[in-house]
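An overview of the molecular structure
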Amino acid sequence: MILDTNVFVSGIFFTGPPHQILKAWRDGKLKLVLSVEILEEYQRAGAALAEQFPMIDLKPILEFIMVHAEIVTVPPLPEPACVDPDDDKFIACAVTSNTRFIVSGDKHLLQISGYQGVQVLKPRQFFDQCLA
């Protein structure tokens, strides 16, 4: 499974499906797959949150991810898959790693669900389909 950045951040700060998905990963029930580009986006989001909320430190969580997630090297897609080119990194990671699911609430990613066999599911859908 691949988590888009908003789902990752939501899973850290709020209860609900994103949190339950991260917990299931932490407990070894799921495999989290990332590319270097996705990890860098997580790190940028963490830095922005740290500026906005100085009491929040995502560094330990990011370090845990670097140790326990599968990080793959991903070539760029031969042609854009998504209307928002920033979202192509999630699709490229899924295609390269043969990951079936991207968990996202992003409308651009949701629009291309099914691209090369990759399903894009909202957090609640993923939880209900894969963890319930």
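Everything below is about the structure shown above.
Residues numbered from 1 in each chain as written. Predicted model: local features only at pLDDT ≥ 70, side-chain atom pairs only at ≥ 80, totals over all residues. Heavy atoms only, no water.

With respect to the side chain of S35
As a reminder, the rule being used: Every helix listed is a DSSP run of H or I at least four residues long, and every strand listed is a run of E at least two residues long, numbered separately from the N terminus. Each residue is placed in one exposure class: buried if its accessible area under a 1.4 Å probe, protein chains only, is under 20% of its type's maximum, exposed if it is over 50%, and partly exposed if it falls in between. For this analysis, a polar contact is any N or O atom pair within 3.5 Å, provided that within protein one partner can donate a hydrogen and the other can accept it, and provided that sequence-adjacent residues contribute only side-chain to side-chain pairs.
By the element assignment, S35 lies in strand 2 (residues 33-35). Looking at S35, the relative accessible area reads 1%, which means it is buried. Within the local environment of S35, its side chain forms a polar contact with the side chain of E37, the two groups lying 3.2 Å apart.

Section: the sheet that holds strand 5 (residues 119-121)
The condition that has to hold: When DSSP finds two or more bridges between two strands, those strands count as paired.
In space, the three strands of this open sheet follow the order 1-4-5, with parallel pairing throughout. Of all the strands in the sheet, the pair left with one neighbour each is strand 1 (2-3) and strand 5. Strand direction decides the pairing type here: strand 4 (residues 101-103) and strand 5, joined by three bridges, are parallel. Bridging across to strand 5, F101 finds its partner in Q119.

So, the nonpolar core
For clarity, the threshold we go by: We call a set of buried residues a nonpolar core when its members are Ala, Val, Leu, Ile, Met, Phe, Trp, Tyr or Cys and they connect through side-chain atoms within 4.5 Å of each other. The criterion used for residue contact is that any of the two residues' heavy atoms lie within 4.5 Å.
Counting residues in hydrophobic clusters, the biggest one holds 42 residues, and the most contacted among them are M1, L3, I65 and I102. The contacts of L3, once residues within four sequence positions are left out, are F8, I21, L22, L32, I38, Y42, F90 and V103.

Looking at the pattern of salt bridges
Think of it this way: side chains of opposite charge can pair up when their charged atoms draw near. Where we set the bar: Think of a salt bridge as a Lys or Arg side-chain nitrogen and an Asp or Glu carboxyl oxygen that are within 4 Å of each other.
Across all of its chains, the model carries six salt bridges by this definition. In this structure, the salt-bridge partner of D27 is R26, at a minimum N-O distance of 3.4 Å. Here E70 makes a salt bridge to K31, at a shortest N to O gap of 3.1 Å. On the criterion of sequence distance, the pair formed by E70 in strand 3 (residues 70-72) and K31 in the loop between helix 2 (17-26) and strand 2 is long-range, its members being 39 residues apart. Here E70 falls in the partly exposed class, since its relative accessible area comes to 31%. One salt-bridge network, held together by shared partners, links K23, R26 and D27.

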